[in-house]
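Residues per chain, in single letters:
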Amino acid sequence: MPLPDSIQKRLQLPAIASPMFIISNPELVIAQCKAGIVGSFPSLNAREPGQFEQWLIRLNEEITEDDAPYAVNLILHHSNKRLQEDVELCVKYKVPIIITSLGAKEDVFDAIHSYGGIVLHDVINQTFAHKAIDKGADGLILVATGAGGHAGTQSPFALVRETREWFDGPIALSGSIAHGASIAGSIAMGADLAYMGSLFIATEEANAVPAYKQMVADSSAEDILYTNLFTGVHGNYLTPSIVAAGIDPKELHKQEAVKMNFNEMGSDAKAWKDIWGCGQGIGAVKNVRPAKDVIEQLKTEYSEAISKFTN
Ligand SMILES: Cc1cc2nc3c(=O)[nH]c(=O)nc-3n(C[C@H](O)[C@H](O)[C@H](O)COP(=O)(O)O)c2cc1C
């Protein structure tokens, strides 16, 4: 079952541009929604609640019914001290879709439902998927192996099939999706939406330094390293950025993993600022472009892919 009709009819492609720490900003989100896919950002990308409120006012003004709706990502981990304030702002400005990560919370889901908002919770396995739905999430984001940021380890085929055995609500699939044919593949597998992050790092709107954008365009799956040493949670990173930060990837196992703390991530966290997160799908990314051009290409590739099923 896809998202409600009111949302589905506003999409030109069954896709969500996923939230990325530091990278996703209002410019990128607006470009994504105007091109017909859900754009999203983590609330923590706004430095403080006042700025978050300004962003929501701007998005509600600029994103119209003719565009795809936007989504806000709330980190539910206990170290996120801003959660309550940010939830209240999402309720006040009736954010259409909320993406939650790291620990399902019933009171947050209830708050979003109070104004008709939709909650999609991201998970890496069936245990977390059941917990999220039991606590009231409307849909699931299945984070498979190869995803940028805090990725899972399971095959997308296994994740989608096992979830579809008991859940017929909205499913977004993520992990290395950076081509229209991969979006079509996600739908064929049983997902309703593809969920894509890393390819949008290499866009003009993204809040990333030029070298990061170029590294995404120049790299491929072989350049991605999976480790928990930078944030305490396993994630995928660009190996050339680890080398540039003066760390020998072969010596990494000798370091101790840092503890996850979202309260301090904005300040001096080395991970994400100097060591660049990225999924394995970026072999499909060849250059840095406006987000609109990236999405137009995805639409063409998607049409070509689905025509193979119908011809
Ligand atoms: C640099 C970077 C930062 C990310 N930050 C967040 C975040 O703050 N919150 C979140 O829920 N997911 C975050 N993610 C994960 C993405 O939302 C999404 O799951 C992932 O990008 C999908 O895989 P893909 O990059 O292979 O498309 C991040 C991913 C990347 C690459």
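Residues numbered from 1 in each chain as written. Predicted model: local features only at pLDDT ≥ 70, side-chain atom pairs only at ≥ 80, totals over all residues. Heavy atoms only, no water.

## Digging into the pattern of salt bridges
Side-chain pairs of opposite charge can arise whenever the charged atoms involved come near each other.
Piece 1. Scanning the entire structure with this criterion turns up eight salt bridges.
Piece 2. Between E27 and R58 there is a salt bridge, with the nearest N and O atoms lying 2.7 Å from each other. On the criterion of sequence distance, the pair formed by E27 in helix 2 (residues 26-34) and R58 in helix 3 (residues 49-62) is long-range, its members being 31 residues apart.
Piece 3. Taking relative accessible area as the criterion, E27 reaches 37% and is therefore assigned partly exposed. (Salt bridge = Lys/Arg side-chain N within 4 Å of Asp/Glu carboxyl O. Helix = DSSP H or I, 4+ residues; strand = E, 2+ residues; numbered from the N terminus. Buried < 20%, exposed > 50% of the residue type's maximum accessible area, 1.4 Å probe, protein only.)

## With respect to the packing of aromatic side chains
Piece 1. Inspection of the entire model under this criterion finds five aromatic pairs.
Piece 2. Between Y212 and W276, the aromatic rings sit 4.7 Å apart at their centres with planes inclined by 10°, giving stacked as the arrangement. With a gap of 64 residues between them, Y212 in helix 9 (residues 210-218) and W276 in the loop between helix 11 (270-273) and helix 12 (291-310) connect regions that are remote in the sequence. An identical accessibility class is assigned to Y212 and W276; each is buried.
Piece 3. By the ring-pair criterion, three or more aromatic residues cluster together here, those being F41, F52 and W55. (Phe/Tyr/Trp six-rings, centres within 6.5 Å; stacked < 30°, edge-to-face > 60°.)

## Here we look at the nonpolar core
Side chains of a nonpolar character, in soluble globular proteins, are inclined to be buried together.
Piece 1. Grouped together as the largest cluster of nonpolar side chains are 79 residues, with contacts concentrated most on L56, Y70, V72, L74, F200, V216 and L238.
Piece 2. Broken down by element, this core gets its largest block of residues, six residues, from helix 12.
Piece 3. Two domains each donate at least three residues to this core, and these are domain 1 (5-204 + 294-310) and domain 2 (210-273).
Piece 4. A68, I99, I118 and L193 belong to the second largest nonpolar core, which has 18 residues in total. (Core = buried A, V, L, I, M, F, W, Y, C linked by side-chain atoms within 4.5 Å. Domains from an automatic or database assignment.)

## Concerning the state of the cysteines
Joining two cysteines, a disulfide is a covalent bond between their sulfur atoms.
Piece 1. Counted under the stated rule, the structure contains zero disulfides.
Piece 2. C90 forms no disulfide, and the closest cysteine sulfur to it belongs to C33, at a distance of 14 Å. (Disulfide = S-S within 2.5 Å.)

## Quick look at the site of the ligand
Piece 1. Neighbouring the ligand are 24 residues, the closest being P19, F21, N73, G197 and S198.
Piece 2. Between S198 and the ligand, the recorded distance is 2.6 Å, taken from a side-chain N or O atom to an oxygen atom.
Piece 3. Coverage of the ligand by the protein chains reaches 94% of its 600 Å² of free accessible surface.
Piece 4. Split into classes, the residues belonging to the shell around the ligand amount to ten nonpolar, 13 polar and one charged. (Near = heavy atom within 4 Å. Polar contact = N/O pair within 3.5 Å; in protein donor to acceptor, adjacent residues only side chain to side chain. Areas by Shrake-Rupley, 256 points an atom, 1.4 Å probe, with all protein chains shown as cover. Nonpolar A, V, L, I, M, F, W, Y, C, P; charged D, E, K, R; others polar.)

## As for the domain arrangement of the chain
Piece 1. The domain boundaries assigned to the chain delineate domain 1 (5-204 + 294-310) and domain 2 (210-273).
Piece 2. With 22 residues of domain 1 at the contact, the number on the domain 2 side is 17 residues.
Piece 3. Buried area between domain 1 and domain 2, summed over both chains or domains, comes out near 1,600 Å², and the portion from carbon and sulfur atoms is 68%.
Piece 4. Broken down residue by residue, the surface that domain 1 buries against domain 2 is led by F21, H150 and I201, which jointly contribute 34%.
Piece 5. Connecting domain 1 to domain 2 are six residue pairs in polar contact (both at pLDDT 80 or more).
Piece 6. For the side of domain 1 that touches domain 2, the class distribution of residues is ten nonpolar, ten polar and two charged. (Contact = heavy atoms within 4.5 Å. Buried area = accessible area lost by both parts, 1.4 Å probe.)

## Describing the environment of E301
Piece 1. Structurally, E301 is set in helix 12.
Piece 2. Distance in space between the C-alpha atoms of E301 and H179 is 6.9 Å, their sequence separation being 122 residues.
Piece 3. Among the polar contacts listed, one links the side chain of E301 to the backbone nitrogen of G180, at a separation of 2.7 Å.

## Some details on the pairing of strand 2 (residues 39-42)
Piece 1. Neither face of strand 2 is open: one carries G39 and F41, the other S40 and P42, and all of them are buried.
Piece 2. Here strand 2 runs beside strand 3 (residues 70-75); their pairing, made up of four bridges, is parallel. Paired with F41 across the bridge in strand 3 is V72.
Piece 3. In terms of handedness, the path from strand 2 via helix 3 over to strand 3 forms a crossover that is right-handed. (Pairing = 2+ DSSP bridges. Right-handed = clockwise from strand over helix to strand, strands pointing away.)

## Comments concerning the packing of helix 8 (residues 180-189) against helix 12
Piece 1. One way to put it is that helix 8 packs onto helix 12 with a least axis distance of 7 Å and a crossing angle of 50°. With respect to each other, helix 8 and helix 12 are oriented oblique. In this structure, the crossing between helix 8 and helix 12 has a hand that is right-handed. Along its contact with helix 8, which presents G180, A181, I183, A184, I187 and A188, the element helix 12 presents L298, E301, Y302, A305, I306 and F309.
Piece 2. For the contact of helix 8 with helix 12, the class distribution of residues is ten nonpolar, one polar and one charged. (Axes fitted to C-alpha atoms, helices over the stretch in contact; angles between N-to-C directions. Parallel < 35°, antiparallel > 145°, perpendicular 65-115°, else oblique. Left-handed = near helix turned anticlockwise from the far one by under 90°.)

## Looking at the sheet that holds strand 2
The strands making up a sheet associate through hydrogen bonds between their backbones, and the pairing can be parallel or antiparallel.
Piece 1. One open sheet holds the eight strands; their spatial order is 1-8-7-6-5-4-3-2, and the pairing between them is parallel. The open sheet is flanked by strand 1 (15-17) and strand 2, the only strands paired with a single partner. Recorded for the sheet is a direction-independent mean angle of 25° between the axes of neighbouring strands.
Piece 2. The pairing of strand 1 with strand 8 (residues 193-196) spans three bridges and is classified as parallel. What sits directly across from A15, in strand 8, is A194.
Piece 3. Along the sheet face, helix 3 touches strand 2 and strand 3 and points at about 160° away from the line of strand 3.

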